[in-house]
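# Descriptive structure summary
Chain by chain, the residues:
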Amino acid sequence: MKRKMILTIKELKIHIILLIISVSLICKFSSAPLLCGWMTFFLRPQEETVAFEFFRIMENLSLAYIASLIFYLMVDYIPKKKSEDKAFELIKPHLVSLLMWMNRINSYFKCVTDVTDFSSISQDKMKEIDDFHFNSERLFYIETSYRNGIKNSCDMAVFHGAKEIKDNGKLILKVYEDMDAISTTMLQAPSDLISILNKIRDSKFLEKIIHIINDDEMKNGIEMVWRYFNFYKDLAEFSFLEKQLAQYDFDKLTVVYRAASESEIMEWLRLQIKIRGEHPEFEELLKIINAKK
């Protein structure tokens, strides 16, 4: 609500300034008595003077401007804002999903590169990130999930190289496919939001994830090292776009990763063995799920 009010003030900034000037000029020409001694600016000029004629013309122009402003607000601005608000409510679920998948990608890279903000790092760190490559090892992370900044749960996450990143990228494309299906509604959404969504869709990092990043680190039993051009620059831009999207008013489902300790990994593995031992039917379910992938 606060952000919406700030945006409205920014959009109407010029009109607000002109409205204040118009009201001041009307008050200047008014014959009403002054309420306070410091309001001498609003003293009405004497008749048959140049100042009187000037402020009379300015009063008429001010009244005409206020009338036109009311007409603009009632006929154009307010109906347009109502249409934008309605469209925004319809696409909110898609924005929730889009931010969630973007956040999972960015949070993973923040964890593996030991960075909290890609926009404020040293040149050496930039070069290190530019040299980033995936490997074939299974990586264990503690995943802490949040809903609107409030801690929700904490669990173990197992990453298999680039596979999870590419899967999240494909889920982002699926969100866009769903939004394209309601393209008429999308056209009525706020123009600044449409601009951000287009930038995300066309981002070079998303293109890297979908078309360039190789999710097979092994070839003929040999681990391959794949590196990517402008990796840091494109990743930083993608992270910045996530921040821009997060400014809008919808549920934020985010995660924070950290490397799991050896004791945490062992405890998690023992728990998995215990669960499978107590519930052997889980093995069959896993086989069915893996067969569908």
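Basis of the calculations
- Residues numbered from 1 in each chain as written.
- Predicted model: local features only at pLDDT ≥ 70, side-chain atom pairs only at ≥ 80, totals over all residues.
- Heavy atoms only, no water.
- Helix = DSSP H or I, 4+ residues; strand = E, 2+ residues; numbered from the N terminus.
- Buried < 20%, exposed > 50% of the residue type's maximum accessible area, 1.4 Å probe, protein only.
- Contact = heavy atoms within 4.5 Å.
- Areas by Shrake-Rupley, 256 points an atom, 1.4 Å probe, with all protein chains shown as cover.
- Phe/Tyr/Trp six-rings, centres within 6.5 Å; stacked < 30°, edge-to-face > 60°.
- pLDDT = per-residue confidence, 0-100.

## A look at the overall build of the chain
Of regular secondary structure, the chain possesses 11 helices and five strands. The buried share of the chain, taken over its 293 residues, is 34%. Contacts in the chain between residues at least 24 apart in sequence constitute 73% of all its contacts with a sequence separation of at least 6. For the chain, the exposed area adds up to about 18,800 Å²; of that, 60% sits on carbon and sulfur atoms.

## Here's the deal with the packing of aromatic side chains
Evaluated as defined, the whole model comprises 19 aromatic pairs. Ring geometry for Tyr-108 versus Phe-134: centroids 6.4 Å apart, planes at 15°, classification stacked. Taken together, the residues Tyr-108 in helix 3 (residues 50-113) and Phe-134 in the loop between helix 4 (123-130) and strand 1 (138-147) connect sequence positions 26 residues apart. Across the pair, Phe-134 and Tyr-108 agree in class, each one buried. On the numbers, 5.5 Å between centres and 70° between planes, the contact of Phe-109 with Phe-231 is edge-to-face. Highlighted residues: Phe-109 in helix 3 and Phe-231 in helix 9 (residues 231-245), separated in sequence by 122 residues. A residue is classified by how much of its surface remains accessible, and Phe-231, at 0% relative accessible area, is buried. Site record: aromatic cluster; members linked through ring pairs are Tyr-108, Phe-109, Phe-132, Phe-134, Tyr-141, Phe-159, Phe-205, Phe-231, Phe-238 and Tyr-257.

## Thoughts on the confidence of the model for the chain
Counting all residues, the mean pLDDT for the chain is 84, and 84% of those residues have values of 70 or more. Here strand 3 (residues 218-219) is the element of the chain with the lowest mean pLDDT, 50, and helix 9 is the one with the highest, 94.

## Description of unusual backbone geometry
Here Asp-114, not a glycine, exhibits a phi torsion of approximately 60°, which is positive. Mapped onto the elements of the fold, Asp-114 is located in the loop between helix 3 and helix 4. Backbone geometry at Asn-148 places phi at a positive 55°, although glycine is not the residue there. Under the relative-accessibility criterion, Asn-148 is labelled partly exposed at 41%.

## Section: the environment of Ser-120
Tracing the backbone through its elements, the reader meets Ser-120 in the loop between helix 3 and helix 4. Separated by 116 residues in sequence, Ser-120 and Ala-236 have C-alpha atoms that sit 9.7 Å apart.

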